[in-house]
Amino acid sequence: MESRDREPLVRKTSSSYHTFPEGTARRLDKEYLRSLHNKRLYLAVFAAVLGNFSFGFALVYPSPVIPALEAHPSPALRLDQHTAPWFGSVFTLGAAAGGLSTMLLNDCLGRKLSIMFSALPSALGYALLAGAQGLWMLLLGRVLTGYAGGVTSASIPVYISEISHPGVRGMLGACPQIMAVLGSLVLYALGLVLDWRWLAVAGEVPVLAMVLLLCFMPNSPRFLLSQGKEEEALGSLCWLRGQDTDYAREYEQIKDSVRKQSRRVSCAELKDPFLYKPILISGLMRFLQQLSGVTCILVYLQPIFKKTSVILKAEYDAALVGLVRLSAVVIAAVSMDKAGRKILLFVSAGVMLVSNLTMGLYIHFEPASHNGTVANTTLASSANLPAEPTNYITLIPLLATMFFIMGYAMGWGPITWLLMSEILPLKARGVASGLCVLVSWLTAFTLTQFFLPVVNSFGLEVPFLFFAVISAGNILFTGCCVPETKGRSLEQIEAFFRTGRRSFLR
């Protein structure tokens with residue numbers, strides 16, 4: 001590596017940071033950020049994250065639907081203990097396929113067109129669910145909506161990070177998670193009043209709104225520059241920042257960064273810490289995020305509450321948990337650019353650890369009459385049993401679940417997505433983001449597929465105690481491997497991995 005690459009970015013002889021001394025450059029950066037007009041940026045982000053809303057809606061679709069389909073009068077649509085796990089988990093298999101395809105889509109179509117492309121399988125999947133006449137239509141509908149979710153999971157965070165500036169990137173980077181949580185909450189709420197077919201029809205609305213709005217939004221300036229479309233990239237940045245701002249200086253910084261990474265990644269380059277370290281950190285974060293159990297808990301939320309016989313009806317508990325999750329992720333969005341990423345990750349993992357441990361110990365030590373563990377009763381079939389709370393102690397599983405979701409939503413939920421889009425190098429961002437999503441959803445598929453069999457064979461406490469161990473591992477991983485990126489531009493973060501100077505991100 002050349003000696004000039006080892007120098008901090010603020011001292012490099014490039015057009016980005018050589019123009020002014022360090023203190024002057026930082027002062028000008030702050031003045032530039034204060035001068036920006038963010039209304040159009042917020043509109044572009046809103047249009048994109050409607051895809052995350054649809055994703056959150058589709059992810060928890062089985063929670064109110066599995067109990068309804070287990071009691072369905074038609075044998076062709078009725079779910080049992082063998083088919084219910086597939087209905088819950090096959091979504092994540094589709095999401096893994098979506099993440100895999102996005103490795104190509106992100107670099108071929110671009111971030112914006114990849115998001116718009118996801119509307120096609122999503123709309124088709126919801127149509128199959130709404131008009132299902134057999135199990136194959138239900139499963140195919142889940143696969144297609146999962147595929148769309150995988151594409152948006154890999155494309156939207158990258159799109160947002162590339163059109164945002166450091167002043168608001170933390171807050172906007174949490175928006176995908178906020179909208180996914182909001183979509184789940186809306187699903188829980190509509191599940192109280194709508195039939196499962198009409199729930200699928202309602203899922204079409206945000207998909208159509210997303211496509212219409214994105215037609216009028218610009219593509220990522222960084223992607224356009226990587227394609228050699230300089231005038232279009234400058235116009236995109238002008239539209240996002242405002243004509244009366246000094247966006248030309250930011251444009252030169254982005255252009256300088258893209259120029260250094262114009263070539264595609266080769267196998268030999270993967271040995272460079274500049275590439276493999278951020279990819280490895282992002283992939284492991286997505287792996288640990290899913291191992292913490294969030295997808296299993298969200299997908300099987302109502303059956304879990306039925307089995308633990310909480311004092312409220314399971315469907316109301318699910319809606320309450322969704323509301324808590326939304327509140328927590330909003331708090332994270334507001335505090336992310338102030339408190340920093342790492343402190344929220346530490347707090348998040350600590351809360352998840354205590355919550356999962358509490359849930360596991362409660363289920364293990366409470367009598368069967370309290371936790372609903374009736375002999376020969378599976379978790380899936382227990383969703384149809386009437387809840388008979390006998391003691392206020394049955395509020396413990398509800399509170400433990402609420403705190404788990406709160407902890408996840410304020411750290412390991414939104415920040416994992418944000419860091420993935422921040423630390424991945426531009427030349428590998430399209431492929432690496434798809435790879436991270438693939439890892440994430442293959443892990444989620446494995447957990448959701450085996451969750452019910454494990455519960456029915458060994459008890460509900462076993463997976464929760466396992467999730468507690470993983471949460472403890474998340475704390476160690478955060479302390480040892482995760483860099484703090486608060487207040488840094490994407491170009492500065494790339495320089496940190498290139499030079500290896502940890503002091504640069506302090």
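Computed from a prediction, not measured in an experiment: that's the story for all the values here. (Residues numbered from 1 in each chain as written. Predicted model: local features only at pLDDT ≥ 70, side-chain atom pairs only at ≥ 80, totals over all residues. Heavy atoms only, no water.)

## Quick notes on the overall build of the protein chain
Logical step 1: Within the protein chain, the regular secondary structure consists of 25 helices and zero strands.
Logical step 2: Scored against the burial criterion, the 506 residues of the protein chain give a buried share of 61%.
Logical step 3: For the protein chain, the proportion of contacts with a sequence separation of at least 24, taken over those separated by at least 6, is 85%.
Logical step 4: Carbon and sulfur atoms form 66% of the exposed surface of the protein chain, whose accessible area is close to 19600 Å². (Helix = DSSP H or I, 4+ residues; strand = E, 2+ residues; numbered from the N terminus. Buried < 20%, exposed > 50% of the residue type's maximum accessible area, 1.4 Å probe, protein only. Contact = heavy atoms within 4.5 Å. Areas by Shrake-Rupley, 256 points an atom, 1.4 Å probe, with all protein chains shown as cover.)

## Structural notes on the pattern of salt bridges
Logical step 1: Within the structure shown, the criterion is met by two salt bridges.
Logical step 2: For E162, the salt bridge goes to R111, with nearest N and O atoms at 2.9 Å. With E162 in helix α7 (residues 135–163) and R111 in helix α5 (residues 111–117), the pair connects residues that are 51 residues apart, well separated along the chain.
Logical step 3: Looking at R111, the relative accessible area reads 2%, which means it is buried.
Logical step 4: Notably, a salt bridge pairs K255 with E230, separated by 3.2 Å at the nearest N-O pair. In this pair, K255 sits in helix α14 (residues 247–260) while E230 sits in helix α13 (residues 230–241), placing the two residues 25 residues apart along the sequence.
Logical step 5: Residue classification places E230 among the partly exposed positions, given a relative accessible area of 39%. (Salt bridge = Lys/Arg side-chain N within 4 Å of Asp/Glu carboxyl O.)

## Considering helix α21 (residues 395–409)
Logical step 1: The terminal C-alpha atoms of α21 lie 21 Å apart, and with 15 residues this matches the ideal 21 Å at 1.5 Å per residue to within 8%.
Logical step 2: Listed as buried for α21 are P397, L398, A400, T401, M402, F404, I405, G407, Y408 and A409. (Expected span 1.5 Å × (residues − 1).)

## Concerning the packing of helix α4 (residues 83–108) against α7
Logical step 1: Contact geometry of α4 with α7 gives a least axis separation of 6 Å together with a crossing angle of 40°. In terms of axis orientation, α4 runs oblique to α7. The way α4 lies across α7 gives a crossing that is right-handed.
Logical step 2: Taken together, the residues of the contact of α4 with α7 sort by class into 14 nonpolar, twelve polar and one charged. (Axes fitted to C-alpha atoms, helices over the stretch in contact; angles between N-to-C directions. Parallel < 35°, antiparallel > 145°, perpendicular 65-115°, else oblique. Left-handed = near helix turned anticlockwise from the far one by under 90°. Nonpolar A, V, L, I, M, F, W, Y, C, P; charged D, E, K, R; others polar.)

## Examining the packing of aromatic side chains
Logical step 1: Taken as a whole, this structure holds eight aromatic pairs when the rule is applied.
Logical step 2: Through a chain of ring-to-ring contacts, the aromatic side chains of F55, F91 and W441 assemble into a single cluster.
Logical step 3: R142 extends its terminal NZ or CZ atom over the ring of F87, reaching a point 5.5 Å from the ring centre. (Phe/Tyr/Trp six-rings, centres within 6.5 Å; stacked < 30°, edge-to-face > 60°. Lys NZ or Arg CZ within 6 Å of the ring centre and 35° of its normal.)

## Here we look at the confidence of the model for the protein chain
Logical step 1: Averaged over the protein chain, the pLDDT score is 79; the fraction of residues at 70 or greater is 80%.
Logical step 2: Low pLDDT, under 50, characterises residues 1–22; the predicted model gives this stretch 38 contacts beyond four residues in sequence or across chains.
Logical step 3: Contacts for the low-pLDDT stretch residues 385–390, under 50 throughout, to residues beyond four places or in other chains number eleven contacts. (pLDDT = per-residue confidence, 0-100.)

## Observations concerning the nonpolar core
Logical step 1: The biggest cluster of nonpolar side chains holds 118 residues, and the ones touching the most others in it are Y61, F87, W412 and F451.
Logical step 2: No other element matches helix α2 (residues 39–59), which puts twelve residues into this core.
Logical step 3: Within the second largest apolar cluster, ten residues are counted, among which are L224, L237, Y251 and V258. (Core = buried A, V, L, I, M, F, W, Y, C linked by side-chain atoms within 4.5 Å.)

## Remarks on helix α11 (residues 204–214)
Logical step 1: If you check which residues of α11 are buried, you get E204, P206, V207, M210 and L214.
Logical step 2: At its buried positions, α11 is contacted by α2, α5, α6 (119–130) and α10 (196–202).

## What about the packing of α6 against α7?
Logical step 1: Here α6 crosses α7 at 155°, and the two axes come no closer than 7 Å. If you check the angle between α6 and α7, you find them roughly antiparallel. Judged by the twist between their axes, the crossing of α6 over α7 is left-handed. Between α6, through P121, S122, L124, G125, Y126, L128 and L129, and α7, the contact on the second element is made entirely by M137, L138, L140, G141, R142, L144, T145, Y147 and A148.
Logical step 2: For the contact of α6 with α7, a count of residues per class yields eleven nonpolar, four polar and one charged.

## Structural notes on the side chain of T295
Logical step 1: Looking at where T295 falls in the secondary structure, it is placed in helix α16 (residues 294–299).
Logical step 2: Residue class for T295 comes out buried when judged on its relative accessible area of 4%.
Logical step 3: In this structure T295 touches L59, T92, Q290, W441, A444 and T448, once residues within four positions along its chain are discounted.

## Topic: the environment of P121
Logical step 1: Looking at the element boundaries, P121 is found in helix α6.
Logical step 2: Non-local contacts of P121, meaning those with residues more than four positions away in its chain, are made with L144, T145, Y147 and A148.

## Examining a nonpolar patch on the surface
Logical step 1: Together, L192, V193, L194, W198, V201 and Y316 give the surface a local cluster of nonpolar side chains, amounting to about 600 Å² of exposed area.
Logical step 2: With respect to the secondary-structure elements, L192 resides in the loop between α9 (175–190) and α10.
Logical step 3: Classification of L192 by relative accessible area gives partly exposed; the value is 37%. (Patch = residues over 30% accessible without salt bridge, like charges linked within 9 Å, V, L, I, M, F, W, Y side chains within 5 Å.)

## Quick word on the state of the cysteines
Where two cysteines share a covalent bond between their sulfur atoms, that bond is called a disulfide.
Logical step 1: Per the counting criterion, the structure on display carries zero disulfides.
Logical step 2: Left without a disulfide partner, C480 is nearest to the cysteine sulfur of C481, which lies 5.6 Å away. (Disulfide = S-S within 2.5 Å.)

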